[in-house]
Amino acid sequence: MQNWIIKGGTCLLPSGLETTDIGIKDGQLYRDSLEDAQVFDASDYLVLPGIVDAHGDGFERVVNPRPNVHFPLPLALQEADSQLIANGITTAFHGLSASWEPGLRSVETGRQFLAALSETRDLLACDTHINLRWELFCLDHLDEIETWLEEFPTMVLSLNDHLTAYKGLDVGSTKISRLADRAGLPPHEAIELINALSARAGEIPAAVDRMATAAQRIGNVMFAHDELSPEQRAANKSLGVSVSEFPMTWDTARSAIRGGDSVVLGAPNVVRGGTQNNAIDAEPAIAEDLCTVLASDYYYPAQLAAAFALVDRGTVDLGKSWALVSSGPARAVGLSDRGEIRDGLRGDLIVLHPQTRQIRAVFVDGRKVLEREKTAQH
């Protein structure tokens, strides 16, 4: 493996910004000088820890760019990988659904996706994992999902319930229309499916207990998606859920932070200036220290853009904003070997221009996986 000296850059260290050289030896970061290392000139550039994306489903638009248009999963995974690296994301947790829906978010698609990931992993530059969005009403595949947790020990198990929000909607609803397009169903059949599954609500508590017990036994980190109240946060925490993913109320986020848990909000929320689903706004939450993780959610460029938007607007400094896309998500998903520039951690770095924010180079596990020509900056 090639050793590197990232020379002369302004580096974001745990202690703050410092102009210094960073060594990468055998894939790990070192502050000491290295022999037989190739020099990468980072003078006039920022050197930052690689971005960790704890929840991103942007790959769905690569797999299924239009209704009823599907591309082969190995091709889609490699295209998503290129987009991740181009946006400085060195570790990604694809938000893969295991849902009661047919089509894109079905268990069958999940099964195929995991097989394709296993086959193509060696071709991917980004360190790629799974945030498994298990829908609670997906009750007929618990044996298989438990097997997935065992086969992918870094897989996050995220408890999701989107079905309840569909109950009572009619065929003219925009939400039903989007669901029907994604699932490949006529709207009336989508509603029939929702009604049939709703009748099984009594099975949910036992299913949740089973999956939470399995995740704790295997060691999978657990998230809970769209928590509605502090009471729901407390109930999920009692199951071993350590991360509140997109909490829906301010009190829920405050409860999670008071309990020492991670809170995930969407980086697009920051970039766009507010929520698009009537949840809490990310930037005011960050100002109140109610967010520890910004995820790409559905748009890969958003993490980098949000981190600098927070600085430009004076909400927080670069150290705090960058922690939301590096050390914060690394901690949330249980990866202690990345997220900071510190001796012995993985050599995951990005080099970018401080004014234009254009990425010059990306290193993953000590390998230079992207380099752009140095151009005159204005």
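A few points on the structure. Keep in mind that what you see is a predicted model, and the values were worked out from it rather than measured.

**Remarks on a nonpolar patch on the surface**
Next up, step 1: On the surface, a nonpolar cluster with roughly 250 Å² of combined accessible area is contributed by V69, F71 and L75.
Next up, step 2: Considering the arrangement of structural elements, one finds F71 in the loop between α1 (59-63) and α2 (73-86).
Next up, step 3: On the basis of relative accessibility, which here comes to 41%, the residue F71 falls in the partly exposed class.

**Some words on the nonpolar core**
Next up, step 1: L48, L132, W134, L157, L294 and W322 are the most contacted members of the largest nonpolar core, which has 93 residues in total.
Next up, step 2: The element contributing the most residues to this core is helix α13 (residues 302-312), with 7 residues.
Next up, step 3: In contact with L157, not counting residues within four places along its chain, are L132, W134, L149, M211, A215, V221, M222 and F223.
Next up, step 4: If you look at the next biggest cluster of nonpolar residues, it comprises 17 residues, including W4, Y45, L345 and V351.

**A look at the side chain of N220**
Next up, step 1: Along the chain, N220 turns up in the loop between α8 (204-218) and β10 (222-225).
Next up, step 2: Reaching out from N220, the side chain makes a polar contact with the backbone oxygen of M155 at a distance of 3.1 Å.
Next up, step 3: Those residues within four positions of N220 in sequence are excluded, and the remaining contacts are L149, F152, P153, M155 and A215.

**Considerations on the pairing of strand β16 (residues 367-371)**
Next up, step 1: Both strand β15 (residues 359-364) and β16 contribute to a ladder of 4 bridges, which runs antiparallel. Each bridged residue has a counterpart across the sheet, and for A361 the counterpart in β16 is E371.
Next up, step 2: What sits between β15 and β16 in their antiparallel hairpin is a turn of 2 residues, with D365 showing a positive phi close to 55°.

**A word on the environment of Q28**
Next up, step 1: Its location among the elements puts Q28 in strand β3 (residues 28-30).
Next up, step 2: Along the primary structure Q28 and H55 are separated by 27 residues, whereas in three dimensions their C-alpha atoms are 25 Å apart.
Next up, step 3: Here Q28 is in contact with G23, G344, L345 and G347, once residues within four sequence places are set aside.

**As for the packing of α2 against helix α3 (residues 107-120)**
Next up, step 1: Where α2 meets α3, the closest approach of the two axes is 9 Å, and the angle between their N-to-C directions is 65°. In terms of their interaxial angle, α2 and α3 are classed as roughly perpendicular. As for the relative orientation of α2 and α3, their crossing is right-handed in sense. Residues L73, P74, L77 and Q78 of α2 touch α3, and the partners they reach there are T109, Q112, F113, A116, L117 and T120.

**A word on helix α10 (residues 250-258)**
Next up, step 1: Of all the residues in α10, the buried ones are T252, A253, S255 and A256. Mapping the buried residues of α10 onto a view down its axis gives an arc of 160°, with all of them on the same face.
Next up, step 2: Summarising the contacts, the buried residues of α10 are in contact with α9 (230-238), β11 (243-245) and β12 (262-266).
Next up, step 3: In the stretch just after α10, G260 is the one whose phi turns positive, near 80°.

**A few points about the pattern of salt bridges**
Next up, step 1: One pass over the structure, following the stated rule, counts 30 salt bridges.
Next up, step 2: The partner of E144 in a salt bridge is R111, with the nearest N and O atoms 2.6 Å apart. Of this pair, E144 sits in helix α4 (residues 142-151) while R111 is found in helix α3, placing the two residues 33 residues apart along the sequence.
Next up, step 3: Judged by its relative accessible area of 21%, E144 falls in the partly exposed class.
Next up, step 4: Of the residues examined, R111 reaches a relative accessible area of 33% and is grouped as partly exposed.
Next up, step 5: One salt bridge in this structure joins D261 and R233, with 2.7 Å as the shortest N-O distance. In this pair, D261 is assigned in the loop between α10 and β12 and R233 in helix α9, connecting sequence segments 28 residues apart.
Next up, step 6: Exposure remark for R233: the relative accessible area of 1% places this residue in the buried category.
Next up, step 7: Shared partners join several salt bridges into a network, and the residues in it are D127, D337, R338, R346, D348 and D365.

Conventions and cut-offs
Residues numbered from 1 in each chain as written. Predicted model: local features only at pLDDT ≥ 70, side-chain atom pairs only at ≥ 80, totals over all residues. Heavy atoms only, no water. Patch = residues over 30% accessible without salt bridge, like charges linked within 9 Å, V, L, I, M, F, W, Y side chains within 5 Å. Areas by Shrake-Rupley, 256 points an atom, 1.4 Å probe, with all protein chains shown as cover. Salt bridge = Lys/Arg side-chain N within 4 Å of Asp/Glu carboxyl O. Helix = DSSP H or I, 4+ residues; strand = E, 2+ residues; numbered from the N terminus. Buried < 20%, exposed > 50% of the residue type's maximum accessible area, 1.4 Å probe, protein only. Core = buried A, V, L, I, M, F, W, Y, C linked by side-chain atoms within 4.5 Å. Contact = heavy atoms within 4.5 Å. Polar contact = N/O pair within 3.5 Å; in protein donor to acceptor, adjacent residues only side chain to side chain. Pairing = 2+ DSSP bridges. Axes fitted to C-alpha atoms, helices over the stretch in contact; angles between N-to-C directions. Parallel < 35°, antiparallel > 145°, perpendicular 65-115°, else oblique. Left-handed = near helix turned anticlockwise from the far one by under 90°. Arc of directions from axis to C-beta.

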